[in-house]
Each structure stands twice: as C-alpha cells, then as structure tokens.
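# Understanding the architecture of this molecule
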Amino acid sequence: MRHCLRGAASLLRAPRSIRELPNGANLREAQARYSYADIAKALRRVGSNVKEDLVELYRRMVFNCMIGNRDDHLCNHGFLLEPGTGRYRLSPAFDLALHPGNPSLHPIAIGRQGRQPTLENVLSIAPTFGLKVEQARQICDQVADSVQSWRTVMIRHGVKSTDLEWVEGLLPKGFGHAHHEASLSAPVSISSPSWALR
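Attention here is on the structure that accompanies the text. (Residues numbered from 1 in each chain as written. Predicted model: local features only at pLDDT ≥ 70, side-chain atom pairs only at ≥ 80, totals over all residues. Heavy atoms only, no water.)

### Quick word on the overall build of the chain
Put simply, the test is: Strands here are runs of E lasting at least two residues and helices are runs of H or I lasting at least four, both read from the DSSP assignment and numbered beginning at the N terminus. Relative accessibility under 20% of the residue-type maximum defines a buried residue, over 50% an exposed one, and the middle range a partly exposed one, all with a 1.4 Å probe and only protein chains included. Two residues form a contact once any of their heavy atoms are found within 4.5 Å. To measure how exposed things are, a 1.4 Å probe is used in the Shrake-Rupley method; for residues, cover is taken only from the protein chains shown.
Tallying secondary structure elements over the chain gives 8 helices and 3 strands in all. By residue count, 43% of the 198 residues in the chain fall in the buried class. A fraction of 64% describes how many contacts in the chain between residues 6 or more apart in sequence connect residues 24 or more apart. Surface accessibility of the chain: about 10,700 Å² in total, with carbon and sulfur atoms responsible for 52%.

### Things to note about the packing of aromatic side chains
Filter applied, for reference: Under the pairing criterion, centres of Phe, Tyr and Trp rings, with the six-membered ring standing for Trp, must be within 6.5 Å; the plane angle then separates stacked pairs below 30 degrees from edge-to-face pairs above 60, leaving the rest tilted.
This structure, assessed with the given rule, holds 1 aromatic pair. Ring centres of Tyr58 and Phe129 lie 5.2 Å apart, and the angle between their planes is 65°; this geometry places the pair in the edge-to-face category. Of this pair, Tyr58 sits in helix 4 (residues 50-67) while Phe129 sits in the loop between helix 5 (119-124) and helix 6 (133-148), and the two are 71 residues apart along the sequence. By the burial criterion, Tyr58 is buried, and Phe129 matches it.

### What to know about the nonpolar core
Counted only if it meets this: To form a nonpolar core, buried Ala, Val, Leu, Ile, Met, Phe, Trp, Tyr and Cys residues must be joined to one another through side-chain atoms within 4.5 Å.
Ranked by internal contacts, the top residues of the largest apolar core, which has 37 residues, are Ile39, Tyr58, Met61, Phe79, Val122 and Phe129. Going through the elements one at a time, helix 1 (8-11), helix 3 (36-46), helix 4, strand 3 (88-90), helix 5 and helix 6 are the ones with two or more residues in this core. In terms of residues, this core owes the most to one element, helix 4, which gives 8 residues.

### Let's talk about helix 6
To keep things clear, this is the line we draw: To estimate how far a helix should reach, multiply one less than its number of residues by 1.5 Å.
Over its 16 residues, helix 6 runs 22 Å from end to end, which matches the ideal 22 Å to within 8%, given 1.5 Å per residue. Those residues of helix 6 that sit buried are Ala136, Ile139, Cys140, Asp141, Val143, Ala144 and Val147. Buried residues along helix 6 sit against helix 4, helix 5 and helix 7 (150-156).

### Brief notes about the environment of Phe129
Looking at Phe129, the relative accessible area reads 2%, which means it is buried. Placed 73 residues apart in sequence, Phe129 and Glu56 show a C-alpha to C-alpha distance of 9.3 Å. In contact with Phe129, not counting residues within four places along its chain, are Tyr36, Ala40, Arg44, Leu54, Leu57, Tyr58 and Met61.

Now the structure itself:
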C-alpha cells in the first residue's frame with residue numbers, strides 16, 4: 001500500500017527549497033524561524049492520533065538535541081496520510097544524522113530559550129506536547145538510557161571497530177558518560193554527562 005507523505009515544511013507552508021526564497025536567502029535560516037511547537041500545532045490540526053504522536057515528536061526532539069543532529073530541519077519531519085480519513089500520523093523517523101562538533105544552536109527552535117539545545121529548554125516546552133514536567137523528565141531519561149547503549153547496538157549489528165571510532169568522533173563532547181544529577185536552575189547541555197535527571 002502506498003502512503004502520501006507530507007513534510008512539516010509543507011504543513012506549515014514554510015519554504016522547502018531555495019527556489020522558494022528570494023535571491024541570496026538561506027533555506028536553513030528561513031526554516032530556523034520555525035519551532036517544534038509549530039510542528040506540534042500542525043499535528044494537532046491534522047493528526048488522527050494526536051496524543052500519541054505528540055509524545056513521539058517530543059521524544060524525537062530530545063533525541064535530536066542529544067546527538068547534536070544538525071540536519072534536524074522541517075523537511076526531515078514527515079506525516080503519513082491515513083487512507084480514507086484525510087488525517088495524518090507522524091511518519092517513522094528518518095534522516096537522523098551525526099555531524100562533527102558540538103552545535104551551539106539547534107537547526108529549529110525548541111522551547112523558551114529558542115534554539116539552545118539545553119535540558120532546561122527541552123523541559124520548558126513539555127506542556128505544548130501534553131506532558132507534565134515529570135513525564136518529560138522520564139522521557140529524557142529513557143532516551144538518554146537508550147542512546148548510551150549506541151556502541152552495544154552497533155556491535156550487535158556488525159559495525160566494524162574502525163566505523164565505531166568514526167561514529168564516536170562525531171558524537172557531541174561528553175557523550176556516553178555516566179549520568180549525574182542535574183539541576184533545572186541552570187541550563188544543561190543535552191550532550192553533557194549531566195544530561196539525564198535521576
């Protein structure tokens with residue numbers, strides 16, 4: 001069965017290519033004006049299973065911030081049309097990419113602190129996704145626990161040691177260390193060892 005896929009850029013009527021921009025304009029900068037809150041709002045408008053998909057979208061935001069995904073733009077969030085309903089579901093995740101270095105700003109806005117990939121910022125937007133802060137913290141811990149096991153998962157799937165070293169070089173600084181207590185009173189980089197709350 002074929003499904004119709006629409007990107008978040010399409011649902012938000014945001015520019016999807018440089019052809020849609022004035023000369024000299026930058027597509028990434030144009031899309032950076034949008035936020036995860038905008039994607040959530042579009043999902044509320046067109047979704048068929050809004051509550052479940054909002055939680056999944058929040059989980060993906062946490063994951064993308066944690067791994068420093070600099071390719072996390074509107075065209076990399078998709079929605080599948082459910083036949084005969086005219087409503088959409090969040091598509092499976094795609095184009096999750098690692099890039100070298102620690103990004104200081106996320107490609108699209110996250111929460112009250114804009115594009116800052118901090119724990120405080122991720123938690124600040126939780127209510128937009130129908131989550132209480134404690135539920136959001138649980139999701140953050142779950143994602144952190146899952147991502148911490150990246151090496152084990154890759155070895156299980158036959159990734160060579162040279163490739164493991166290459167991947168490790170792309171992960172944000174401080175990634176993969178043990179969890180420590182973190183305070184919400186100060187911004188905490190999601191990629192830092194103190195990312196997950198206990």
